[in-house]
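Residue-level listing of the chains:
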Amino acid sequence: MDLELPAGFTDLLQEFTVQVLQEKPDDIIEFAASYFMKLKLKEKRSKDGSKGKSKGVNFQGGEMNGDGSSDDEEDEDFEPPKNRYARRQSVCAEPLNPDSDEDENPIVYPKTDDQRLRLNEAIRNILLFKNVAPEQLSEVLDAMFEKKVQPGDHVIDQGDDGDNFYVIDSGVYEIYVKIDGKDKMVGVYNEKGSFGELALMYNTPRAATIIATSKGILWALDRNTFRRILLKAAAKKRKVHEALLESVPMLKEITEYERMNLADALQSRKFKDGECVIQQGNEADCMYFVESGVASIRIRKQDDPTQEVELTQCSKGGYFGELALVTHKPRAASVYSVGDLVCAVLDVHAFERLLGPCMDILKRNIDGYEEQLDKLGISHAELR
């Protein structure tokens, strides 16, 4: 099935991207929530025909009065940011079929051991590469080529068609966006990061200009390889996680759209036999859905904390780690892998944002845990 973008999505994404580049928020999720909530409010008021005094918007937290003071209690009209640079009248993304197994001749740029080592280090913390299987990642690395830049070089220019995705090996790069006909610097990449993916993902013009301010090295990936491997990997990852979530009884409460968003937020993580997944007493930062394998849930004995007793086991379609996120307390039990274990991990921020409809069910699960502890003669005061 080909993937098609809904009408207006490209323009909306470009406008949001410009705001991100300008504001450089510390919490991108909070920023996005505030941005789209205010945009929705503006749209609603436009339909209702309401009018009011306009105020500026501080996306980091509330609206700003003309004197710079904040007024969060009074809802005012919000003027959505305009996309001030020229763009195509219509944009159509190239269809992408995640089920296609088209066999294309892979591109290979030979690399020295030092180059491959630097490239591996450069991509280590880039989210786009986290959904790619090892064999596909090797193909991506083979297809990337080194590009050296000098101070003043324009790597990409706002409004141009996208040709490559770039990963920074070294150097400093300034980000410029044209506002009211003038180029304004809205951010800096300093020795790390990546850019250029949006134009390739959505077949849109470049949303900003990137200029090198020092000597540097970039790793570039051409448009076709980027779409064929990275986007297809992301689409297949979503499909796998959606199928997993459909098998979780608790998630019958959420809509198909909510399940899709939840699938996008999951990240697969592998554990070897006997590896500790969760340690009792630690702070909680995520929950887990079992993709394959078995997880053993254990709790320390009260009379001998060096010994643990198994409460239960969790297999495919099961989940664990949610208790501490619901109660906001340290982990109440430890979890170990039994054989090879693969889990889909949901971080605490996505948990609070996406599992609201299931919160009552999660809270009721505490009673089930208490019954298990009662049978074992273990105190469960820490669960409340």
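Asks: Just to check I follow, could you spell out the overall build of the protein for this structure?
Replies: When you go through the protein residue by residue, the secondary structure sums to ten helices and 16 strands. For the protein, the proportion of its 384 residues judged to be buried stands at 43%. Of the contacts made within the protein by residues no fewer than 6 positions apart, 74% connect residues no fewer than 24 positions apart. In the form shown here, the protein has an accessible surface area of approximately 21000 Å², with 49% of it arising from carbon and sulfur atoms.

Asks: What am I meant to see in unusual backbone geometry here?
Replies: Working note: non-glycine residues mostly have negative phi, and peptide bonds are mostly trans. Backbone geometry places Glu191, a non-glycine residue, at a positive phi of 70 degrees. The topology assignment puts Glu191 in the loop between β7 (182-190) and β8 (194-195). Residue Glu191 is classed as partly exposed on the basis of its relative accessible area, which comes to 41%. Phi angles above zero are rare outside glycine, and His328 is one such case at about 60 degrees. Structurally, the position occupied by His328 is in the loop between α8 (322-327) and β16 (334-347). Among the residues examined, His328 registers a relative accessible area of 63% and is labelled exposed.

Asks: In this structure, what is going on with the sheet that holds β7? I would like to understand it.
Replies: Two strands in a sheet stick together by hydrogen bonds in their backbones, pointing the same way (parallel) or opposite ways (antiparallel). The four strands lie next to each other as β4-β9-β6-β7, forming an open sheet whose pairing is antiparallel. Of all strands in the sheet, those with a lone pairing partner are β4 (154-156) and β7, marking the two edges. Taken pair by pair, the neighbouring strands of this sheet meet at an average axis angle of 30 degrees, ignoring direction.

Asks: When you look at the pattern of salt bridges in this model, what are you seeing that I'm missing?
Replies: Side-chain pairing between opposite charges can occur once the charged atoms of the two side chains come close. Throughout the structure, instances matching the rule amount to eight salt bridges. Here Glu121 makes a salt bridge to Arg124, at a shortest N to O gap of 3.0 Å. Taking relative accessible area as the criterion, Glu121 reaches 48% and is therefore assigned partly exposed. Via salt bridges that share partners, Asp114, Arg118, Glu146 and Asp169 belong to a single interconnected network.

Asks: I tried to follow the environment of Lys232 on my own but got confused; where do I start?
Replies: Of note, Lys232 is situated in helix α6 (residues 223-246). Exposure remark for Lys232: the relative accessible area of 12% places this residue in the buried category. Spatially, the C-alpha atoms of Lys232 and Val132 are 9.2 Å apart, while their sequence positions differ by 100 residues.

Asks: Would you explain the confidence of the model for the protein in this entry?
Replies: Should pLDDT be low for a region, the predicted coordinates there are not to be read in detail. Of all residues in the protein, 73% attain a pLDDT of 70 or more, and the chain-wide mean is 77. Note that residues 50-93 has pLDDT below 50 and, in this model, 84 contacts with residues that lie over four places away or in other chains.

Asks: What am I meant to see in the environment of Ile299 here?
Replies: Its place among the elements puts Ile299 in strand β13 (residues 286-300). Considered as a pair, Ile299 and Ala333 are 34 residues apart in the sequence and their alpha carbons are 4.8 Å apart.

Asks: Before we go on, may I ask you to explain the sheet that holds β8 in this structure?
Replies: One open sheet accounts for four strands, arranged β3-β10-β5-β8; its pairing is antiparallel. The strands lining the two open edges of the sheet, one partner per strand, are β3 (145-149) and β8. When strand β5 (residues 164-170) meets β8, the two strands line up antiparallel, connected through two bridges. Note that in β8 the partner of Tyr166 across the bridge is Phe195. Taken strand by strand, helix α3 (residues 113-123) contacts β3, β5 and β10 (216-222), and its axis lies near 105 degrees from that of β5. On top of the sheet, α6 reaches β5 and β10; it is set at about 65 degrees to β10, its chief contact.

Asks: So what exactly am I meant to see when it comes to the packing of helix α4 (residues 134-143) against α6 here?
Replies: Taken N-terminus to C-terminus, the directions of α4 and α6 make an angle of 155 degrees; their axes are 11 Å apart at the nearest point. Overall, the two elements α4 and α6 adopt an arrangement that is roughly antiparallel. Here α4 and α6 pass one another in a crossing that is left-handed. Taken together, the residues of α6 that come into contact with α4 (itself represented by Gln136, Glu139, Val140 and Ala143) are Thr225, Arg228, Ile229, Leu230 and Ala233.

Asks: What am I meant to see in helix α7 (residues 256-265) here?
Replies: Because each turn of an α-helix spans 3.6 residues, side chains separated by three or four positions end up pointing in the same direction. Those residues of α7 lying buried are Arg259, Leu262, Ala263 and Ala265. Angular distribution of buried residues about the axis of α7 spans 160 degrees; they occupy a single face of the element. Check the buried side of α7 and you find it contacts α6, β11 (267-271), β16 and α9 (348-354).

Asks: Just to check I follow, could you spell out the packing of α3 against α4 for this structure?
Replies: The relative placement of two packed helices is expressed as an angle between their axes plus a distance between the axes. α4 packs onto α3 with a crossing angle of 115 degrees between their chain directions and a minimal axis gap of 11 Å. Considering how the two elements wind past one another, α3 and α4 form a crossing that is right-handed. Here Arg116, Leu119, Asn120 and Ile123 of α3 lie close against α4, whose contacting residues are Leu137, Leu141 and Asp142. Residues that form the contact of α3 with α4 fall into these classes: four nonpolar, one polar and two charged.

Asks: Can you walk me through the packing of aromatic side chains in this structure?
Replies: To describe a pair of aromatic rings, you give the distance between the ring centres and the angle between the ring planes. Inspection of the entire model under this criterion finds nine aromatic pairs. Taken together, the ring pairs connect Tyr166, Tyr173, Tyr189 and Phe195 into an aromatic cluster.

Asks: It is not clear to me how the state of the cysteines should be interpreted in this structure. Could you clarify?
Replies: A covalent bond between the sulfur atoms of two cysteines is referred to as a disulfide. All chains considered together, the criterion is met by zero disulfides. Cysteine Cys314 shares no disulfide, and the gap to the nearest cysteine sulfur, in Cys343, comes to 7.8 Å. Judged by its relative accessible area of 0%, Cys343 falls in the buried class.

Criteria and cut-off values
Residues numbered from 1 in each chain as written. Predicted model: local features only at pLDDT ≥ 70, side-chain atom pairs only at ≥ 80, totals over all residues. Heavy atoms only, no water. Helix = DSSP H or I, 4+ residues; strand = E, 2+ residues; numbered from the N terminus. Buried < 20%, exposed > 50% of the residue type's maximum accessible area, 1.4 Å probe, protein only. Contact = heavy atoms within 4.5 Å. Areas by Shrake-Rupley, 256 points an atom, 1.4 Å probe, with all protein chains shown as cover. Pairing = 2+ DSSP bridges. Axes fitted to C-alpha atoms, helices over the stretch in contact; angles between N-to-C directions. Salt bridge = Lys/Arg side-chain N within 4 Å of Asp/Glu carboxyl O. pLDDT = per-residue confidence, 0-100. Parallel < 35°, antiparallel > 145°, perpendicular 65-115°, else oblique. Left-handed = near helix turned anticlockwise from the far one by under 90°. Arc of directions from axis to C-beta. Nonpolar A, V, L, I, M, F, W, Y, C, P; charged D, E, K, R; others polar. Phe/Tyr/Trp six-rings, centres within 6.5 Å; stacked < 30°, edge-to-face > 60°. Disulfide = S-S within 2.5 Å.

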